[in-house]
Amino acid sequence: MNPSVSPLGKDLVGLESLSREQILSILDTAEPFKEISERRIKKVPVLRGKTIVNLFFEASTRTRVSFEFAEKRLSADTVNISSSGSSVVKGETLVDTARNLEAMRIDMVVMRHGASGAARFLGERIPSNVINAGDGQHEHPTQGLLDLLTIRDHKGPIDGLKVCIVGDVLHSRVARSNIHGLMKLGAEVAVCGPPTLLPYEIAGLGVKVFTRVEEAIEWADVLNILRLQLERMQGGYVPSLREYNRIWGVTSARLKVAPREILILHPGPMNRGVEIDSDVADGPHSVILNQVTNGVAVRMAVLYLLAGGQPESAEAAKQGGDS
Amino acid sequence: MSDTTLLKGGRVLDPSQVMDGTLDVLLKDGLIVSVGDAISAPEDARTIDCTGLLVTPGLIDVHVHLREPGGEHKETIATGARSAAAGGFTAVCAMPNTDPPLDDPASVGWVLAEGKRAGAARVYPTGCISVDRAGERLAPVGEMIDAGAVAITDDGSPIMKSGLMRLALDYAQSFGIPVADHPEDLSLSPAGQMNEGLMSTRMGLVGKPNASEDIHIIRDLLLAELTGGHIHLQHVSTRWGVDAIRQAKARGVHVTAEASPHHLVLTDEAVEGYRTEAKMNPPLRTAEDVEAVRAGLADGSLDHIATDHAPHHYDEKEAPFAEAPNGIVGLETAVGIILTRVVDEGVIDLPTMIERMSCHPAKTFNLPGGTLAPGGVADVSVLDLSAEWTVDASNFASKSRNTPFDGWALKGGPAYTIVGGRIVWER
């Protein structure tokens, strides 16, 4: 591998700054990596000798574990740091934390942080590759990528598909990464939710806006259903969980009248009976667990590409021929 | 021994006397003695050749944060007063949102004394409207004014309780001082980081809608109308805010208002890339708002240009956007920005600039200066309109460097700053 030339640039902070070709190359690179996780011995030497820090300032199970599996299955050496039990709680600034890690000669940082722009901030200040694992309400690019990959697996090319993101778009980094990624790949994108949970001027991003879930279901080929964070109740954005489910919940009764089969995605963790009913989550059109499986492959692809791997060499690299 | 200075051969521009011509200005013992044609220098006078320079009443900034006490790592009264002088200002009004806040006569008097000791631009303290800036009950306004406060304000925080604002506007009338308010309905802007709009939506930052400022401006105007008190609205940034002030002035409401240089020249697009040096409160807004603020400055709806100089240590600004504090330094860039990007672009002419930066601030805050009329304080700003220079924050006299204007090429800047007849800064 030639570490100096990454087809994605130094960092992955969001999908907004990537081109259609870059996004497609990540998805295409993820394809050969899918198979690694199906092997009996789930390890290839692609990132042997690379040191990766998973720096999580916010709680995460799925994303952190998915990154860690991706790193380990590519043979990287990994360290996990979470904000509790680290020097961050002792008042160290983000810059100092990063510079100290850097001083130990690391290669990549995977970071989740509560502040929008934090990944870009870090990437501008350290020479290591930075991968955004979620920054505030800004972007969660690997989630966006795994959603794209899952949609493509089940619906074929994204061009022309109608995808609606349903729920708390206002506070959602997943929504923004989906919007940018889907639009670059030629999908028609809509958002749907209570107007209190839709960002101001969201239509300016080029999306349709529905405020009734029935209209979204009537329109869409794919629904990506966002988690309703329970603290939103305290914020007064919606009066009650019961009302939310009643008005905006994706239920089998509502899907039954859809003019076409709708693919169901959810980034997790789900609130069953709130934004999504169990018979939808567990139903035949749900690809929620496929998303989780694809997450590992997409993250492998991102790690590989940022380390300087070329999309066309991924298959060979996997065999250990290019490590 | 007398101290005499002759400012020789400059273009003397004094809107307070509708004076504009090549004249000499004689200063003696801290006062202006005369302005006239070919004044011959007294024997002991120091003569400053002002040929090709603009001589104006000293510039006054009614809205600066000097951070002392409590924030000395960002700025002190002394460094702030020197920063003002280096920016061509002869006087500044220090906001009371220090730690502890200036809400009693002792702390107000201390700021006044420290300002004098600094020996640069004059420092006029302001006092809090409410005890501990808590927005609950009136601070000892009369005693603070006795101690030297020139206005009251809880700047940095709005007065959320309309009842308290009414009391303040009523009570302050005994003393003839303005009640200055940072207009923001916090219930509409909780956790807001920047202007609410497409930019905030794209960047995933919490927005502050224009309405959070508009509602508060309109409320303050109604209360000023009710009480007859003098409301001074700080750093107005919204189009409907400007419009409401314009209408209130037409009705005879006693209102004065500020425009900040950054709200006259920058939009929320300056935040792109999560640039914390473009983070301030009120936030940078849209081009439509910038146009409205410029129009408001031109037609007099906005009376003053005030910088809202807000120093922060670079460690504090070197943080993810949401975690960085609000505010930018402004004293050392204001003259250049206004000349280059407001006057040269034809928004206002030069006499109006001097009016908005000297005459009006002196008048509305009852401060000495704002005129070159004989007998007044010898506070004079000498500007070089043709100086071409590039902003270099690393050279600021201020302790802080947080400016979005670093690297900007500007035309026109201060040459001499004279306070009480003494040169406190020269280029």
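Everything below is about the structure printed above this text.
Throughout, a residue's number is its position along its own chain's written sequence, starting from 1. Key to labels: chains lettered from A, ligands numbered from 1, both in the order written. Local features in this predicted model are restricted to residues of pLDDT 70 or higher, and side-chain atom pairs are both shown and tallied only at a pLDDT of 80 or more, whereas totals for entire chains, interfaces and linings draw on every residue. As a convention, hydrogens and water are excluded, and side-chain values are obtained from all of the structure's heavy atoms.

*Asks:* What should I look at first to understand the overall build of chain B in this one?
*Replies:* Every helix listed is a DSSP run of H or I at least four residues long, and every strand listed is a run of E at least two residues long, numbered separately from the N terminus. Secondary structure assignment for chain B yields twelve helices and 18 strands. Based on C-alpha atoms, the radius of gyration is set beside the globule rule, defined as 2.2 Å times the residue count to the power 0.38. Radius of gyration (C-alpha) of chain B: 20 Å, near the 22 Å computed for a compact globule of 427 residues. Seen through its principal axes, chain B has C-alpha atoms that stretch 65 × 45 × 45 Å. For every residue, the accessible area obtained with a 1.4 Å probe (protein chains only) is divided by the maximum for its type, and the residue is called buried under 20%, exposed over 50%, and partly exposed between those limits. Residues counted as buried form 63% of the 427 residues belonging to chain B. Counted over contacts in chain B with a minimum sequence separation of 6, partners at least 24 positions apart contribute 75%. Accessible areas in this description were obtained via Shrake-Rupley with a 1.4 Å probe; residue shielding takes into account the shown protein chains only. Surface exposure of chain B reaches about 14,500 Å², of which carbon and sulfur atoms provide 52%. When charges are counted, Lys and Arg contribute as positive and Asp and Glu as negative, whereas His and the chain ends are disregarded. Taken as the charge centre is NZ of Lys, CZ of Arg, CG of Asp or CD of Glu, depending on the residue. Between the mean site of the 34 positive side-chain charges and the mean site of the 59 negative ones, chain B shows a separation of 0 Å. What makes two residues a contact is simply this: any of their non-hydrogen atoms within 4.5 Å.

*Asks:* Just checking my understanding: could you explain the layout of surface pockets for this structure?
*Replies:* Remark: the empty space left among the atoms is shown by a probe the size of a water molecule rolled over them. Reported here for the largest pocket is a volume of approximately 730 Å³. In this analysis a 1.4 Å probe is tested at points of a 1 Å grid over the protein atoms alone, and where it fits but cannot get out there is a cavity; an open set with protein on both sides within 12 Å along at least five of seven lines is a pocket; lining residues have an atom within 4 Å of a point. Arg112(A), Arg173(A), Gln229(A), Gly268(A) and Pro269(A) are the residues nearest the centre of the largest pocket, which is lined by 32 residues in total. Of all the elements in the fold, those that place two or more residues in the lining of the largest pocket are helix H2 (62–73), helix H5 (141–155), helix H6 (173–184), helix H8 (231–235) and helix H12 (288–306) of chain A. Here the lining of the largest pocket gets four residues from one element, more than from any other, and that element is H12(A). Each residue gets one label: Ala, Val, Leu, Ile, Met, Phe, Trp, Tyr, Cys and Pro are nonpolar, Asp, Glu, Lys and Arg are charged, and the others, such as Gly, are polar. Of the residues contributing to the lining of the largest pocket, the split by class is eight nonpolar, 15 polar and nine charged. Along the wall of the second largest pocket there are 23 residues; nearest its centre are Leu170(A), Tyr237(A), Glu196(B), Val206(B) and Gly207(B). Grid points are joined across faces, edges and corners, and a volume is the space filled by probe spheres set on the points.

*Asks:* How do you make sense of the packing of helix H1 (residues 20–34) of chain A against H5(A) when you look at a structure like this?
*Replies:* Two quantities define a packed helix pair, namely the angle between the helix axes and the distance between the axes. All names here are of chain A. With their axes 10 Å apart at the nearest point, H1 and H5 run at an angle of 70° to one another. Between H1 and H5, the angle is such that the two are roughly perpendicular. Between H1, through Ile 23, Leu 24, Ile 26, Leu 27, Asp 28, Ala 30, Glu 31 and Lys 34, and H5, the contact on the second element is made entirely by Leu 145, Leu 148, Leu 149, Arg 152 and Asp 153. For every element, the axis is a line fit to its C-alpha atoms; helices are fit only across the contacting stretch, and the angle between N-to-C directions ranges from 0 to 180 degrees. For classification, angles of less than 35 degrees are called roughly parallel, those exceeding 145 degrees roughly antiparallel, those between 65 and 115 degrees roughly perpendicular, and all remaining angles oblique.

*Asks:* Teacher, can you tell me more about the environment of Val25(B) here?
*Replies:* Relative to the helices and strands, Val25(B) resides in strand S2 (residues 19–28). Residues Val25(B) and Gly10(B), spaced 15 residues apart in sequence, show a C-alpha to C-alpha distance of 8.7 Å.

*Asks:* Would you mind showing me how to read the sheet that holds strand S6 (residues 59–64) of chain B here?
*Replies:* By definition, the strands of a sheet pair up through backbone hydrogen bonds, in either a parallel or an antiparallel sense. Residue and element names in this part refer to chain B. Spatially, the three strands line up as an open sheet ordered S6-S7-S8, and their pairing is parallel. Among the strands making up the open sheet, the edge pair consists of S6 and strand S8 (122–125). Across the sheet, the mean angle from the axis of one strand to that of its neighbour is 20°, orientation sign disregarded. Pairing between strands is defined by DSSP: at least two bridges between them are needed. Where strand S7 (residues 89–94) and S8 come together, four bridges link them in parallel fashion. Bridging from a neighbouring strand, Ala 94 pairs with Pro 125 of S8. Helix H12 (residues 350–364) contacts S6 and S7 of the sheet and is inclined by roughly 75° relative to S6.

*Asks:* What's the story with the sheet that holds strand S7 (residues 208–210) of chain A in this structure? I'm lost.
*Replies:* Residues and elements named next belong to chain A. Pairing is parallel in the open sheet, where five strands are placed in the order S7-S6-S5-S8-S9. Looking at which strands have only one partner, the edges of the open sheet turn out to be S7 and strand S9 (263–265). Strand-to-strand twist of the sheet, defined as the mean angle between neighbouring strand axes without regard to direction, takes the value 20°.

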